[in-house]
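Residue-level structural notes
Below, each chain spelled out in residue letters.
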Amino acid sequence: MTERKPPPADRSHAFETRAVHAGAAPDPTTGARNVPIYQTTSYVFDDVDHAASLFNLQDFGYVYTRLGNPTVSALEERVASLEGGRGAVAAASGHAAQLLAFFSLMEPGDEFIASRSLYGGSITQFMHSFRRFGWKVNFVDPADPEAFRAAINARTKAIFIEVLANPGGIVVDIEPIAAIAHEAGVLLMVDNTMASPWLFRPFEWGADIVIHSTTKFLSGHGTSMGGVVIESGRFDWNRSAERYPGLTKPDPAYHGLTFAETFGDFGYTMKTRAVALRDLGPTMAPMNAFMTLTGIETLHLRMERHSANALKVAQFLEQHPAVARVSYVGLPSSPYHALARKYLPRGYGSVFTVSLKGGFQAGVRVVEGVDLLSHLANIGDTRSLVIHPASTTHRQLTEEQQVRAGAGPDVLRLSIGIENADDIILDLDRALTRA
Ligand SMILES: *Cc1c(COP(=O)(O)O)cnc(C)c1O
């Protein structure tokens, strides 16, 4: 939201170059090469007219850090560039990004359709807390695109999927789902946290909005919470004007501004910032934006090593006598391997699950028996991580929901780091043998 010098990395540069440069340029006043942490809440106006034009959204600039901050803007531009989107809004966490993303679309009584194969926290957020806003979620089986079509009605505002889904080793076939959404004039929202834009770019396959928990691979080192909402700029709001009055009709929450008309291909981003972020307030801290910008500079290198290590560990585990099944989409034994090869040609990510022959008890013993791997609730760290979802992340779900989400009682979720693969394998082998 500012008039900075054009960043040195324009969209014609390759991904790796944009990962390092997009959104950032040497600081014009100090020459600082890295993006400074603008640790300020507010910004001095030139005069009263300048202040008024900023408040009216007639001019782009900084007012108050709840709405925008130069460090956070650099991150927003970098992520929008890597995803190939038009604009982005950062948030304090992935869940905050989801809240903002839906708040810009939904009125009480509205509905959306979500894949059943999602991060456990998203299922809980959608089912329970979103309901208190009067928003209704319909969960469907993502392996059946027609189930999405059947669930669409006049109040449906979005379809929400994860293409590489957490934690179950599932790849959702996005192409037919995007076609069904667009035929009905409904937008498709994709949570791309698990793949990161290096492995998969949803806008190239028909997504209209992408959200991330930047807490995971984008920040990448287990240091900083964050989320981001990115708009493709290609959704035709006016074709679905009746479905999206919040974008296509004058908005009483912003003195009668019509966001899609005034801002065109970044109207949704403006509404998300000027109404959702303004009124709900889950702003990303400048320090976390800085940490995430730094993390993204090595995203492509980390994702390559994460994927290569995960494949080695998955191949090892598949042969292990204590293991019943490995759900890694990179293995030819995965029912999703063909889809993974189509959508994820650069690698299959670092997160997958294993089912242990010894059931719940063996799962508990392995998470307590590892030394190098850390037993904790996160993914996408440089370190290798392990968790037993049924007793932790997926605890709030019924056993049936756990099994459907690929997180039954006998399942462990691994997030393979960028250490030496042999060391990771040795640690797991010891813990499995002891269990
Ligand atoms: C972690 C995660 C989220 C939630 O993000 P937070 O940053 O923890 O709020 C959403 N979706 C996926 C796929 C995740 O892994």
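In this text the structure is predicted, and so the values were computed from the model without any measurement.

Considering the site of the ligand
Inspection of the region around the ligand gives 16 residues, with Gly94, Asp191, Ser213, Thr215 and Lys216 positioned closest. For the ligand, whose unbound accessible area comes to 370 Å², protein coverage reaches 94%. Per-class residue counts for the shell around the ligand are three nonpolar, 10 polar and three charged.

Some details on the nonpolar core
Ranked by size, the top nonpolar core spans 127 residues in total, and within it Leu344 and Phe352 carry the most contacts. Taken domain by domain, the makeup of this core includes at least three residues from each of domain 1 (9-296) and domain 2 (300-434). When near neighbours in sequence (up to four residues on either side) are disregarded, Leu344 contacts Leu164, Val171, Ala195, Leu199, Phe200, Val329 and Leu339.

Topic: the packing of aromatic side chains
Within a pair of aromatic rings, the relevant descriptors are the distance that separates the centres and the angle that separates the planes. Counted by the stated rule, this structure contains 26 aromatic pairs. Taken together, a centroid distance of 6.3 Å and an interplanar angle of 55° make the contact between Phe103 and Trp135 tilted. A residue pair is termed long-range when its members are at least 10 positions apart, and Phe103 in helix α4 (residues 94-103) and Trp135 in the loop between α5 (120-129) and β3 (136-140) qualify at 32 residues. The class for Phe103 is partly exposed, based on a relative accessible area of 26%. The exposure class assigned to Trp135 is buried, which follows from its relative accessible area of 4%. The interplanar angle of 90° and the centroid separation of 5.5 Å between the aromatic rings of Phe235 and Tyr244 together place this pair among those described as edge-to-face. When its relative accessible area of 1% is taken as the criterion, Tyr244 is described as buried. An aromatic cluster is present here, built from Phe102, Phe103, Phe112, Phe126, Phe130, Phe133, Trp135 and Phe160 joined pairwise through their rings. Sitting over the ring of Tyr119, Lys216 keeps its end group 4.9 Å from the ring centre.

Points about the pattern of salt bridges
Under the counting rule described, the total for this entry stands at 13 salt bridges. Two residues, Arg155 and Asp110, come together in a salt bridge whose shortest N-O distance is 2.9 Å. Pair noted here: Arg155 is in the loop between α6 (145-151) and β4 (156-161) and Asp110 is in the loop between α4 and β2 (111-115), with a separation of 45 residues, a long-range link. The class for Asp110 is buried, based on a relative accessible area of 2%. The salt bridge partner of Arg149 is Glu146, with a shortest N-O separation of 2.7 Å. Taken together, the positions of Arg149 and Glu146, both in helix α6 and three residues apart, correspond to about one turn of that helix. A relative accessible area of 41% means that Glu146 is categorised as partly exposed.

Section: unusual backbone geometry
Not every positive phi belongs to a glycine, and Ser196 is a case in point at roughly 70°. Tracing the chain through its elements places Ser196 in helix α8 (residues 196-199). In the Ramachandran plot, His255 falls in the positive-phi region, its phi being about 25° despite a non-glycine side chain. Mapped onto the elements, His255 comes out in the loop between α9 (245-248) and α10 (259-263).

Focus on the packing of α4 against helix α11 (residues 267-280)
Close contact between α4 and α11 brings their axes to 9 Å; oriented N to C, the two are set at 115°. At the point where α4 passes α11, the crossing takes the right-handed sense. Here Leu99, Leu100, Ala101 and Phe103 of α4 lie close against α11, whose contacting residues are Tyr268, Thr272, Val275, Ala276, Leu277 and Leu280. For the contact of α4 with α11, the class distribution of residues is nine nonpolar, one polar and no charged.

Regarding the pairing of strand β11 (residues 351-356)
Extensive coverage of β11 is indicated by the burial of six of its six residues. Across the two faces of β11 the burial is the same, with Val351, Thr353 and Ser355 and Phe352, Val354 and Leu356 all buried. Relative to β11, strand β10 (residues 323-327) is paired through four bridges, and the arrangement is antiparallel. In the sheet register, Ser327 faces β11, and the bridge partner there is Thr353. Taken together, the five bridges between β11 and strand β14 (residues 411-415) define a ladder with antiparallel strand orientation. Looking at β14, one finds that Thr353 is bridged to Arg413.

Brief notes about the sheet that holds β4
Backbone hydrogen bonds hold the strands of a sheet together, and the pairing may be parallel or antiparallel. Taking strand neighbours across the sheet as the criterion, the seven strands line up as β1-β9-β8-β7-β4-β2-β3 in an open arrangement whose pairing is mixed. Sheet topology places β1 (87-91) and β3 at the edges, where each strand pairs with a single neighbour. When strand polarity is set aside, the average angle formed by the axes of neighbouring strands in this sheet is 20°. Of the pairings in the sheet, the one linking β2 to β3 comprises five bridges and is parallel in character. In the strand pairing of β3, Phe112 is matched with Val137. Contacts from α4 reach β1, β2, β4, β7 (187-191), β8 (209-213) and β9 (227-231) within the one sheet, and its direction differs from that of β9 by about 35°.

As for the domain arrangement of the protein
Domain annotation of the protein identifies domain 1 (9-296) and domain 2 (300-434). Using only C-alpha atoms to locate each centre, domain 1 and domain 2 end up separated by 29 Å. The interface of domain 1 with domain 2 comprises 38 residues on the first partner and 38 residues on the second. For the pair domain 1 and domain 2, the interface holds one salt bridge. Linking Lys342 and Glu175 is a salt bridge whose minimum nitrogen-to-oxygen distance equals 2.6 Å. Joining domain 1 to domain 2, the criterion identifies 10 residue pairs in polar contact (both at pLDDT 80 or more). Elements supplying a minimum of two residues to the side of domain 1 that touches domain 2: α1 (15-21), α5, β6 (170-171), α7 (174-183), α8 and α12 (286-296). Among the elements that take part in the side of domain 1 that touches domain 2, α5 stands out by supplying four residues, more than any other.

Thresholds, definitions, all that
Residues numbered from 1 in each chain as written. Predicted model: local features only at pLDDT ≥ 70, side-chain atom pairs only at ≥ 80, totals over all residues. Heavy atoms only, no water. Near = heavy atom within 4 Å. Areas by Shrake-Rupley, 256 points an atom, 1.4 Å probe, with all protein chains shown as cover. Nonpolar A, V, L, I, M, F, W, Y, C, P; charged D, E, K, R; others polar. Core = buried A, V, L, I, M, F, W, Y, C linked by side-chain atoms within 4.5 Å. Buried < 20%, exposed > 50% of the residue type's maximum accessible area, 1.4 Å probe, protein only. Domains from an automatic or database assignment. Contact = heavy atoms within 4.5 Å. Phe/Tyr/Trp six-rings, centres within 6.5 Å; stacked < 30°, edge-to-face > 60°. Helix = DSSP H or I, 4+ residues; strand = E, 2+ residues; numbered from the N terminus. Lys NZ or Arg CZ within 6 Å of the ring centre and 35° of its normal. Salt bridge = Lys/Arg side-chain N within 4 Å of Asp/Glu carboxyl O. Axes fitted to C-alpha atoms, helices over the stretch in contact; angles between N-to-C directions. Left-handed = near helix turned anticlockwise from the far one by under 90°. Pairing = 2+ DSSP bridges. Polar contact = N/O pair within 3.5 Å; in protein donor to acceptor, adjacent residues only side chain to side chain.

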